[in-house]
Amino acid sequence: MRSIIYSVFSIIIYCYDFVQASDCDIKYDFKEKEEVKIADCKNKGLNFIPQDLPGDIEVLDMSFNRLQIIGNNSFVNYRDLQEIYLSRNQLRYLSNKSFQGLHKLTILDMSGNILNLSKVYSTDLFHQIKNLTKLDIRRNMPQPIGFVTDYNYPDHAFGILTELSFLGIDMKPLPHFGSGFGHMTTLKELHFESCYLVHLSNKTFERFSSSVEQLSIRNCRLHFVVTEYNALLPFPNLHVIDFSGTFMHLKHALQLLHPYRNANISTINFGHVSDISIDSADIPYVTTITVDIMKHLKTICVENLDLSQNGIIDYEPGSLFSFDHLECLQHISFKENRFLLASEKNLNEIKHFFYRTVRLKSFDYSYNTVNYFKHNSVSSNSDLNCSFHSCVILPKSLEKIDVSYTIANTFPEIILIVPKNNSLTYLDVSYSRSNIAIIILQIRLETFIADGVDYIFAWNQLQRSSYNTVKTIIWKNAELDNAFRLFGNRFFKSTRSVESIDISGNSIWYIPDDLFKPMPNLTNLSLSKNSLQAIPVQLSDHAKVQTLDVRKNRLTSVSSAIRGWADKMQELHGMTLHLTDNAFECNCDNIDFIRWIQTTKVNLDSRSYKCKLSNGTVIDTLIAYNSLYDLFADCKNTMWLTFASTLLSTFITISMLLIAYSKRWKIIFSIYGVIRRVVERKVRKCFQYDVYISYEGDIVIWIKNVLIPKLETEWGLTMCIKDRDFLSGPSQADNEAESIQNSRSIIFLITPEFISSPDCKFELDRAKYERITKNLERIIIITKDVAITDIPVEFSYIWNYAFIIQWPNNLEDLNDTWRKLRMFLTDGLITEK
């Protein structure tokens, strides 16, 4: 009986393994111009090594699974394996024969597990894979309980790996590396993580081979790291030194460089090696850079230098910016310090620095808070004269400048001049408050970030961009709502090349017509954290948009035009739409929108958004969708429109099928016309009028000569015009109330006479009432000879569900305005007579 149960259990386990193993993707890639066969088993929830993969795979990726142990001969079926990736599992045990038969293995990554250095690794374990060139076992050891115990690394195990060129391993508080590590004579890269180091002595690395060229000891921050003067002496050939986040103090870190005087080093990263947590009287966090501190570094030909976040508050002349080999510098970062870039005492030194750094590509002076400055942005006055200010000419080689979050009042005032024929493609001046002016004589920017900065500065820079190279603009929290009112649709006229733009957090409630028209390549647009009542319909003219973010606005719905456009974008190239945290309404007008959320193929950030019912109850759109007919059974108008749309769509589908098998086109389209007219009559019988016009003064002449010919004669709509259609007898108020109730839509014509008239308030209140009771489908506001900012304040109560059109003075824009008005009024359902 036991045998039967065991057999059945074994079969079940085998079948389970087979199913799981089959989830692995077998694919091919080219490495060093040779095709490599890969088994991709990442993130499959596996707790075993699959045994049914192709026997000739050369790469096996088992990262992000649930492996705990690797037993004997786990890879014996895959003798051609050259690379194995086991990172981010739960490995705690390896057998001495775990890697049996893998003589071709060169890369083994077991980082991010719980393997104990003292117990797991042995000579037998590595004997079968002694040809490894890369071994990564970082982020395995837990934080030690004490920091005073010496730790002996198992050099007898690692010493057999004589072909190793890369070793990633954890760093214990008081490490001792035996003579076996000296056998790694080809070791080039040595990286330490899960770092708990407390003492870096002259003997720490004495057993290692001098072949090491890259050394990183990062994020040792649980304890102050005591350093000895000659700790790096065993590595005379270092090209990369990375101690970022290891708290040893900048002064001591720079002293470690004495073996490399006059050497060539590609990268020195001493970012955040000082920290307030190790502040003391002997080694204060607040640091003034002296000539003595810089005496070793200044002699080195270094390409990439990071001294960020080290409490630097000042520097002596001849120290921080004095290098013997300035021509070597390509990237330098002083981020998150507190020193003044230039002052009267060192201005000439700064000029000399930038004059000599002929290969400098990036300069980071961000997050330097030095002193208070009363102005609110980086200066942008292109007329500044060097005779009254100090001009510093930046090198033409500069590709990136970051002065974001810098607060600095210099004396004298500084002008940083980016010369002609420059290479500058990235500029970030976000939230800068400084009298350091930046003048770019020839704009070739590709990425421009100006969050929280006076928009005049950024706008002036873009206006001088004759090359139109800017692809990315990030312009958050910059009061662009004022800019749009001031400049209108001319604001982005110099941005033809833009592909991605983020103007979130700008209190924007109105977007001028054709604002984005100058951007034919627009792909990503963020309008989040504004006050928009509707997604701009003008976006439907853009055919390349892939991502639209309108989160945290005041949207009550998404119009049918935008929904149709989003669906089209999804079909063309994929579309992502972010809609959360808006003021959506679950009412009769939004039934189509509620359905669309659940049925569209567009990649939405949710399928369930909060929405408010007409009685004020907050539910979500998924509940509304599942209870559509219970919640909206009394929706006479919208339900008919939905029925009409569904009926017409069904007929079109059937017609297409009939056309495929029949040549009787005229009969089919005659039937279509009959159905469409029946639907239109049924929809329109719900109302006496299509449009009620609210107006005051002499605008009636314009209505007669312009609106009536277009809406009634050409579009076939019925209009209610009080000077023409009101019956005698009933009071003016009764006429207005009844007419608005019997109209599908209302247009408020805002003119100077309308603003000064007290009668408009009644029509507005009646429109709000009919809108709430679902009789009025849409409210449209047309401003004529009046700025949008001058619309009476009473209209602010209907922003969430009103459509706004500013009537153009330019006849060239008239066609687009008529098209927008017709779309608002008809949704494409009512045909011309």
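Residues numbered from 1 in each chain as written. Predicted model: local features only at pLDDT ≥ 70, side-chain atom pairs only at ≥ 80, totals over all residues. Heavy atoms only, no water.

Focus on the overall build of the protein
When helices and strands are counted, the protein shows 20 helices and 43 strands. Put simply, 70% of the contacts in the protein that link residues at least 6 apart link residues at least 24 apart. Accessible area of the protein: about 38,000 Å², with a carbon and sulfur share of 51%. (Helix = DSSP H or I, 4+ residues; strand = E, 2+ residues; numbered from the N terminus. Contact = heavy atoms within 4.5 Å. Areas by Shrake-Rupley, 256 points an atom, 1.4 Å probe, with all protein chains shown as cover.)

Topic: the pattern of salt bridges
On inspection of all chains with the given rule, the structure shows 30 salt bridges. Glu-193 is the partner of Arg-138 in a salt bridge, and the nearest nitrogen-oxygen pair spans 3.4 Å. Of the two residues, Arg-138 sits in the loop between β8 (134-136) and β9 (150-153) while Glu-193 sits in strand β12 (residues 189-195), which places them 55 residues apart along the sequence. Judged by its relative accessible area of 13%, Arg-138 is buried. A salt bridge links Arg-595 to Asp-592; the shortest N-O distance between them is 3.9 Å. Highlighted residues: Arg-595 and Asp-592, both in helix α10 (residues 591-599), separated by three residues, approximately one helical turn. Among the charged side chains, a network of salt bridges with common partners joins Lys-27, Asp-40, Lys-42 and Asp-61. (Salt bridge = Lys/Arg side-chain N within 4 Å of Asp/Glu carboxyl O. Buried < 20%, exposed > 50% of the residue type's maximum accessible area, 1.4 Å probe, protein only.)

Brief notes about the side chain of Asp-136
Looking at the element boundaries, Asp-136 is found in strand β8. Among the residues examined, Asp-136 registers a relative accessible area of 4% and is labelled buried. Of note is the side chain of Asp-136, whose polar atom sits 2.8 Å from the side chain of Arg-138. Setting aside residues no more than four positions away along its own chain, Asp-136 makes contact with Leu-108, Asp-109, Met-110, Ser-111, Phe-166 and Gly-168. (Polar contact = N/O pair within 3.5 Å; in protein donor to acceptor, adjacent residues only side chain to side chain.)

Some details on unusual backbone geometry
Phi at Arg-88 is positive, roughly 55 degrees, even though this residue is not glycine. Of note in the backbone geometry, Lys-552 takes a positive phi value of approximately 55 degrees without being a glycine. With respect to the helices and strands, Lys-552 occurs in the loop between β34 (547-549) and α9 (560-573).

Quick word on the packing of helix α17 (residues 732-741) against helix α19 (residues 760-772)
Pairs of packed helices are described in terms of their axes, by the angle between the two and the distance that separates them. Two numbers describe how α17 lies on α19: the axes approach to 10 Å, and their chain directions differ by 35 degrees. Along this stretch, α17 crosses α19, giving a crossing that reads as right-handed. On α19, the residues touching Ala-733, Glu-736, Ala-737, Ile-740 and Gln-741 of α17 are Phe-762, Glu-763, Arg-766, Ala-767 and Glu-770. (Axes fitted to C-alpha atoms, helices over the stretch in contact; angles between N-to-C directions. Left-handed = near helix turned anticlockwise from the far one by under 90°.)

Regarding the sheet that holds strand β39 (residues 689-694)
The five strands are arranged β40-β39-β41-β42-β43 in an open sheet whose pairing can be described as parallel. Edge positions in the sheet fall to β40 (719-720) and β43 (802-806), since each has one partner strand and no second. Packing of helix α20 (residues 814-826) onto the sheet brings it into contact with β39, β41 (743-750), β42 (778-783) and β43, and relative to β42 it is tilted by some 160 degrees. (Pairing = 2+ DSSP bridges.)

Observations concerning α20
Owing to its 3.6 residues per turn, the α-helix aligns residues three or four sequence positions apart on the same side. In a regular helix each residue adds 1.5 Å, so 13 residues correspond to 18 Å; α20 covers 18 Å between its end C-alpha atoms and thus fits that length. Turning to α20, its buried residues number three or more, namely Thr-817, Trp-818, Lys-820, Leu-821, Phe-824, Leu-825 and Thr-826. (Expected span 1.5 Å × (residues − 1).)

Focus: the sheet that holds strand β29 (residues 437-440)
An order of β23-β26-β29 is seen for the three strands of this open sheet, with the pairing classed as parallel. Strands at the two margins of the open sheet, each flanked by one partner only, are β23 (390-393) and β29. On average, adjacent strands in this sheet sit at an angle of 25 degrees to one another, irrespective of strand direction. Pairing of β23 with strand β26 (residues 414-418) involves four bridges; the strand directions are parallel. The partner of Ser-390 across the bridge, within β26, is Ile-414.

Here we look at the side chain of Arg-778
By the element assignment, Arg-778 lies in strand β42. Here the side chain of Arg-778 touches Glu-777 through a polar contact of 3.3 Å, side chain to side chain.

Description of the packing of aromatic side chains
One pass over the structure, following the stated rule, counts 45 aromatic pairs. Taking the centre distance of 5.5 Å and the plane angle of 85 degrees together, the rings of Phe-334 and Phe-339 count as edge-to-face. The exposure classification of Phe-334 matches that of Phe-339, with both residues buried. Ring geometry for Phe-484 versus Phe-491: centroids 5.6 Å apart, planes at 75 degrees, classification edge-to-face. For Phe-491, a relative accessible area of 2% translates into the label buried. Members of the aromatic cluster, each reached through a chain of ring pairs, are Tyr-121, Phe-126, Tyr-151, Tyr-153, Phe-158, Phe-177, Phe-181, Phe-192, Phe-205, Phe-208 and Phe-235. Over the face of the ring belonging to Tyr-426 we find Lys-400, whose NZ or CZ atom lies 4.7 Å from the ring centre. (Phe/Tyr/Trp six-rings, centres within 6.5 Å; stacked < 30°, edge-to-face > 60°. Lys NZ or Arg CZ within 6 Å of the ring centre and 35° of its normal.)

Digging into the state of the cysteines
By the definition in use, this model includes four disulfides. Disulfide pairing is shown between Cys-301 and Cys-328; the S-S distance is 1.8 Å. Disulfide Cys-301 to Cys-328: torsion about the S-S bond roughly -95 degrees, handedness left-handed. Placement of Cys-301 in strand β19 (residues 301-306) and of Cys-328 in the loop between β20 (312-315) and β21 (331-333) is noted, with a sequence separation of 27 residues between them. There is no split in this pair, since Cys-301 and Cys-328 are both buried. Residue Cys-586 pairs covalently with Cys-611 via a disulfide, S to S 1.9 Å. When the S-S torsion is -85 degrees, as for the bridge of Cys-586 with Cys-611, the disulfide is left-handed. With a gap of 25 residues between them, Cys-586 in the loop between β35 (576-578) and α10 and Cys-611 in strand β37 (residues 610-612) connect regions that are remote in the sequence. Assessed through its relative accessible area of 3%, Cys-611 is described here as buried. (Disulfide = S-S within 2.5 Å.)

As far as function goes, none of this settles anything; it's purely spatial.
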